[in-house]
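Here is what each chain is made of, one letter per residue.
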Amino acid sequence: ATEAEEKDLVIIGGGVAGYVAAIKAGQEGLKVACIEKRGTLGGTCLNVGCIPSKSLLNNSHLYHTIMHDTKNRGIEVGDVKLNLAQLMNAKDTSVSGLTKGVEFLFKKNGVEYIKGTGSFASEHEIKVQLNDGGETSVVGKNILIATGSEATPFPGLEIDEKKVVTSTGALALEKVPEKMVVIGGGIIGLEMASVWSRLGAKVTVVEFLNQIGGPGMDTEIAKQAQKILKKQGIEFKLSTKVVSGDGSGEKVKLDIDAAKGGKAETMEADVVLVAIGRRPYTAGLGLENIGMELDERGRVIIDQEYRTKFPHIRCVGDVTFGPMLAHKAEEEAVAVVEYIKKGYGHVNYGCIPSVMYTYPEVAWVGQSEQDLKKAGTPYRIGTFPFSANSRAKTNLDTDGMVKMIADPETDRLLGVHIIGANAGEMIAEGTLALEYGASSEDIARTCHAHPTLAEAFKEAAMATYSKAIHF
Ligand code: FAD
Ligand code: NAD
């Protein structure tokens, strides 16, 4: 490559990790190129993850509400029909608007966007197979690996994205399946189970552990969530493992085994969603060409400054350590560019919120009660149910609670767990409080507007060191 082609930073992957780093690098005046093979920017999150799932969750919730929850509110509706094709169109419009928006931001910040598949030719040179045919190469003083993750396959069950689907197929089904089985009761499983159950499918979630929600969800909250989702019509088989499957016939067959004794049985479904986790994606990246190692779970190994064993090659997002979340990838993307440009950056991994966008939503930040118990850390709990919150009552939306956990000596906040209508927005306050090292009393003495759901947050804080007023 000639001198002119050398960039300060070459990024492989245009997902949240890669595109945010590219924009930030452009803003910092670095000469930057971002290689993405998908044909659109935004990665899993914008194309087949966060965004399309939230579109389907929002609109299926509206549909379900109109079907089942209007009469007692004094609204009589006539003939309600589902137009699945239009529901999918609305989703596609949100996705394309956002992915094009990122492309616009690339132009605005002087980022060169290379459409193709990147692989290491050497420690500084990336070869690109262009989507339009042909090949080019780009040389970087610094290189950032941001190639993300993919669905973990279920051994022996071939994914066709029609009958046996990952989340990608589950976001684009052409008709509502009569029977759907979801393997894995983590966040993907529960969000997609909610969508298709609301639209009329009979959904069963099979989960290996004795708790839904995947890692990190507080057990007390997970139990409430399960009870509410069951009331909505989703069936659960916990402590149950899918051992094998067969997707060759008209129906998909699954052999399941109760993890603790119990009876083995065979289940049948029109559609099976495999949602047993995601794994780092490095296929075709040519890591072997430079002798870059992965850990036993396929993650790129990095130090605290996101450096691989080659100090100029760094890595952020789903393809390396930490929770596979878009906002975690985004924080790392900003920090990694700051390391490159200024030599310092920071992400507080103890303070990354999680949200499950079911109805009601479940959101948390910091430590769960079971984490603290396991670590032998003393703690004090304050809770407040939405059934005692005035706004939740006027909205006829009283399911759920706020649970706050603080240090019994110092009252410093250790964790916040919310299940309720607006939990995903409300958790921002808990995250800020945790980040600032607030005590529960700091929150309780902060004036909260009335009538809002956020008052439940304040009252849970009051209950942590003293007593709530309204419960
Ligand atoms: P990705 O988004 O996977 O992006 C990596 C990109 O790199 C991809 O576009 C890929 O095409 C490209 N690439 C890979 N290899 C190459 C190569 N060799 N050359 C060129 N390009 C390459 N997280 C949340 O925080 N909130 C949510 O609500 C949420 N919902 C989700 C719903 C679903 C159904 C799924 C599947 C995930 C969801 N996530 C959510 C997780 C979130 O999508 C990921 O954490 C996030 O996308 C990670 O960003 P990333 O940039 O590291 O990887
Ligand atoms: P997950 O790890 O959260 O959950 C997978 C579940 O499958 C676990 O509970 C596990 O015990 C279970 N399981 C594994 N093997 C099984 C088997 N053979 N039979 C039955 N159950 C089995 O993974 P996920 O739900 O696939 O999500 C992947 C990633 O995407 C997560 O890191 C998640 O945070 C992220 N994501 C986030 C959001 C969000 O933030 N709203 C939404 C979707 C996905």
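Before reading on, note that the structure itself is shown above.
Residues numbered from 1 in each chain as written. Chains lettered and ligands numbered in written order. Predicted model: local features only at pLDDT ≥ 70, side-chain atom pairs only at ≥ 80, totals over all residues. Heavy atoms only, no water.

1. Some points on the site of ligand 2
Among the 25 residues in the neighbourhood of ligand 2, the closest are listed as Ile188, Glu191, Glu207, Gly277 and Val355. Between ligand 2 and glutamate 191, the relevant distance is 3.0 Å, taken from a nitrogen atom to a side-chain nitrogen or oxygen of the residue. Note that an oxygen atom of ligand 2 is positioned 2.9 Å from one of the backbone N or O atoms of glycine 277. Computed on the free molecule, ligand 2 has an accessible area of 850 Å², of which 81% lies beneath the protein chains in the complex. Elements with a minimum of two residues in the shell around ligand 2: helix H6 (187-198) and strand S11 (240-246). Partitioning the shell around ligand 2 into residue classes produces 15 nonpolar, five polar and five charged. (Near = heavy atom within 4 Å. Polar contact = N/O pair within 3.5 Å; in protein donor to acceptor, adjacent residues only side chain to side chain. Areas by Shrake-Rupley, 256 points an atom, 1.4 Å probe, with all protein chains shown as cover. Helix = DSSP H or I, 4+ residues; strand = E, 2+ residues; numbered from the N terminus. Nonpolar A, V, L, I, M, F, W, Y, C, P; charged D, E, K, R; others polar.)

2. Considerations on the pairing of strand S14 (residues 271-274)
Burial along S14 is two-sided: Val271 and Leu273 and Val272 and Val274, pointing in opposite directions, are all buried. Inspection of the sheet shows strand S8 (residues 179-183) paired to S14 by four bridges, in the parallel sense. What sits directly across from methionine 180, in S14, is valine 271. (Buried < 20%, exposed > 50% of the residue type's maximum accessible area, 1.4 Å probe, protein only. Pairing = 2+ DSSP bridges.)

3. Some words on the sheet that holds S14
Read from one edge of the open sheet, five strands run S7-S14-S8-S9-S10, paired in parallel fashion. Since the sheet does not close on itself, it has two edges, and those belong to strand S7 (164-165) and strand S10 (235-237), each with one partner. Across two bridges, the pairing between S7 and S14 is parallel. Considered in S14, the bridge of valine 165 is made with leucine 273.

4. With respect to the site of ligand 1
Looking at ligand 1, there are 37 residues lining it, with Ala17, Glu36, Thr44, Lys54 and Ala326 nearest. Glycine 118 places a main-chain nitrogen or oxygen 2.9 Å from a nitrogen atom of ligand 1. Side-chain polar atom of histidine 327 to an oxygen atom of ligand 1: 3.2 Å apart, as the coordinates give it. Isolated, ligand 1 exposes 990 Å² of accessible area, and the fraction of that covered by the protein chains is 94%. Mapped onto the shell around ligand 1, the elements with two or more residues apiece are helix H1 (16-27), strand S2 (32-36), helix H2 (43-48), helix H3 (50-68), strand S3 (112-120) and helix H8 (326-342). If one sorts the elements of the shell around ligand 1 by residue count, H2 sits on top with four residues. Considering only residue class, the shell around ligand 1 consists of 15 nonpolar, 16 polar and six charged.

5. Some words on the pattern of salt bridges
This model, assessed by the stated rule, comprises 27 salt bridges. Measuring nitrogen to oxygen at the nearest pair gives 2.6 Å for the salt bridge that ties lysine 7 to glutamate 112. Here the residue lysine 7 occupies a position in strand S1 (residues 6-12), and glutamate 112 occupies one in strand S3, the gap between them amounting to 105 residues. By relative accessible area, lysine 7 is classed as buried at 11%. The exposure class of glutamate 112 is partly exposed, given its relative accessible area of 36%. (Salt bridge = Lys/Arg side-chain N within 4 Å of Asp/Glu carboxyl O.)

6. With respect to the packing of H1 against helix H4 (residues 84-108)
For the pair H1 and H4, interaxial distance at closest approach is 9 Å and the crossing angle is 25°. The orientation of H1 relative to H4 falls into the category roughly parallel. Crossing of H1 over H4 shows left-handed handedness. Contacts between H1 and H4 involve Tyr19, Ala22 and Ile23 on the former and, on the latter, Val102, Leu105 and Phe106. When its residues are assigned to classes, the contact of H1 with H4 shows six nonpolar, no polar and no charged. (Axes fitted to C-alpha atoms, helices over the stretch in contact; angles between N-to-C directions. Parallel < 35°, antiparallel > 145°, perpendicular 65-115°, else oblique. Left-handed = near helix turned anticlockwise from the far one by under 90°. Contact = heavy atoms within 4.5 Å.)

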